[in-house]
Amino acid sequence: MNGLDLHKALTEIDDSFVNEADRILTNSPVCEQADRRRTPQGRRTRKRAFRLVLIAACMLVLLVGTVYAATKGRGAKPFLELIGTDGNEEEIGTGFVTIQDTKEFGSLKLTLEDIIGDKNTVYVEIRTDYELDAPDGWLGKEPPFPLHGKGNAVFPDGITRGYMNGSAPFCRDGRLWYFFVISYEDPDVDLSHLPMQLCIDGCIDGENTLGLTFEWTNDYEAKSEVISVNKEVDGILLTDILFSLTRMEVHFKTASEFRMNLLQTDENSIWKTLSLDYIRLDDGKILHYSRVNGMTVQSDGWASSSREGTEGAFYYNLLSGFSEDGIFRLVPFERIQSICINGEEIRIR
């Protein structure tokens, strides 16, 4: 809401609402004593005073919401710095949730600090109290003790759905941290408000085997949108584009059968056949994609192939994959106007 909208919302208060509130106040015991001394001019003055009080209350609610959103944005800033994204703290703050659950294993402490939640994916940051002599960022070598995590959502119907787990160690403020990813392929899955669990295991000092489970309930609103495309590019039908806070999914179908092994390097793979050249935003700005930036743990998509053909989806990271002039920024999917695949620009809005 901009300044003009705020002024309009707070000044154009319907008189019937003010009159009804004034009637309730007039009939209250507190106002009865004051009514004995009130003149008609005084009644109008009280209405104006009530309107000012109402405006002040609305402003307080808006300010509290703004401060809360900004605070969540500041909490997400270290996460964005880790994955190589500049700015956009407030945007990512919509899915940022502070957990701060600490568990101990002998002398070692592990703390689930926070999560970044999305419709199909949850990113988890785990801090240990193990000191590291390393610069902040992803670790370029094996950590002192590698930890592995298996996380999943607990669905109300009890059915287990296919998901992907990944982890990567990093250093922050002289401590060893771990980055975990829990991601579902099913486009109908909505992880917001679902119970989650993350089981962590690993070997410490070559002897003690760590086994801890963190449990929490997601507390965020997932943003998403589905846009039908039905556009054929080089013999492959692009069916839909699914957007969320962290990912753009391009779904496709083709009558051809593609080899499934070595998906990223096989010359006969679907991944070599389609190429995302760029996206165009609503202001005309063009952003190019690079998978090697930022996050070390991410999924490229999925494909199912048979003699009848192939269908699947490509995943593109909106958190840290798109850049202009080498500066990577989170891309609000609402601003994506078109995508260019294999040299053909496709308008989606």
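Residues numbered from 1 in each chain as written. Predicted model: local features only at pLDDT ≥ 70, side-chain atom pairs only at ≥ 80, totals over all residues. Heavy atoms only, no water.

**Brief notes about the overall build of the protein chain**
Counting its secondary structure elements, the protein chain contains six helices and 20 strands. Burial statistics for the protein chain: of 349 residues in total, 44% are counted as buried. Expressed as a percentage of contacts within the protein chain between residues at least 6 apart in sequence, the contacts between residues at least 24 apart total 61%. Put simply, the protein chain shows about 18500 Å² of open surface, and 51% of that area lies on carbon and sulfur atoms. (Helix = DSSP H or I, 4+ residues; strand = E, 2+ residues; numbered from the N terminus. Buried < 20%, exposed > 50% of the residue type's maximum accessible area, 1.4 Å probe, protein only. Contact = heavy atoms within 4.5 Å. Areas by Shrake-Rupley, 256 points an atom, 1.4 Å probe, with all protein chains shown as cover.)

**Examining empty space enclosed by the protein**
Overall, the coordinates contain one cavity of 30 Å³ or more when judged by the stated rule. If you trace the largest cavity, you find 15 residues lining it, with Tyr123, Arg247, Gln298, Ser299 and Asn317 closest to the centre. Residue assignment for the lining of the largest cavity shows that the elements contributing at least two residues are strand S3 (121–131), strand S7 (175–184) and strand S16 (309–317). Looking at the lining of the largest cavity element by element, the count peaks at three residues for S16. Residue composition of the lining of the largest cavity, grouped by class: eight nonpolar, six polar and one charged. (1 Å grid on protein atoms, 1.4 Å probe; cavity = no way out; pocket = protein on both sides within 12 Å on 5 of 7 lines; lining within 4 Å. Points joined across faces, edges and corners; volume = space filled by probe spheres on them. Nonpolar A, V, L, I, M, F, W, Y, C, P; charged D, E, K, R; others polar.)

**As for the confidence of the model for the protein chain**
Here the protein chain averages 79 in pLDDT, while 73% of its residues score no lower than 70. In the model of the protein chain, helix H3 (residues 29–35) stands out as the element of lowest mean pLDDT, 43, in contrast to strand S19 (residues 336–341), which has the highest, 96. Across residues 1–12, confidence stays below pLDDT 50; counting only partners more than four residues off in sequence or on other chains, it has six contacts. Considering only residues more than four positions removed or in separate chains, one finds that residues 52–71, a stretch of pLDDT under 50, has seven contacts. (pLDDT = per-residue confidence, 0-100.)

**Comments concerning the pairing of strand S10 (residues 224–233)**
In the sheet, S10 pairs with strand S11 (residues 236–244) via eight bridges, with the strands oriented antiparallel. Its bridge partner lying in S11, Lys231 is registered against Leu238. In sequence, S10 turns back onto S11 through a hairpin of two residues, with Asp234 there showing a positive phi of about 50 degrees. (Pairing = 2+ DSSP bridges.)

**Remarks on the side chain of Glu125**
Residue position: Glu125 is located in strand S3. Its relative accessible area of 2% is what places Glu125 among the buried residues. Residues contacting Glu125, with those up to four places away along its chain left out, are Phe79, Leu82, Thr111, Leu112, Glu113, Asp114, Phe170, Arg172, Trp177, Tyr178 and Phe179.

**A few points about the packing of aromatic side chains**
The final tally for this structure, using the stated rule, is 15 aromatic pairs. When the centroid spacing of 5.5 Å and the interplanar angle of 80 degrees are considered together, the rings of Trp138 and Phe179 count as edge-to-face. Here Trp138 is found in strand S4 (residues 137–138), whereas its partner Phe179 is found in strand S7, with 41 residues between them in sequence. Phe179 gets classed as buried once you look at its relative accessible area, which sits at 0%. Between Phe243 and Phe333 the ring centres are 5.7 Å apart and the planes differ by 10 degrees, which places this aromatic pair in the stacked class. Residue Phe243 is found in strand S11, and its partner Phe333 is found in the loop between strand S18 (327–328) and S19; the two are separated by 90 residues along the sequence. The two residues Phe243 and Phe333 agree in class, both being buried. Note that Arg161 overlies the ring of Phe155, its terminal NZ or CZ placed 4.3 Å from the centroid. Against the face of Trp177 rests Arg172, its NZ or CZ located 4.4 Å from the ring centre. (Phe/Tyr/Trp six-rings, centres within 6.5 Å; stacked < 30°, edge-to-face > 60°. Lys NZ or Arg CZ within 6 Å of the ring centre and 35° of its normal.)

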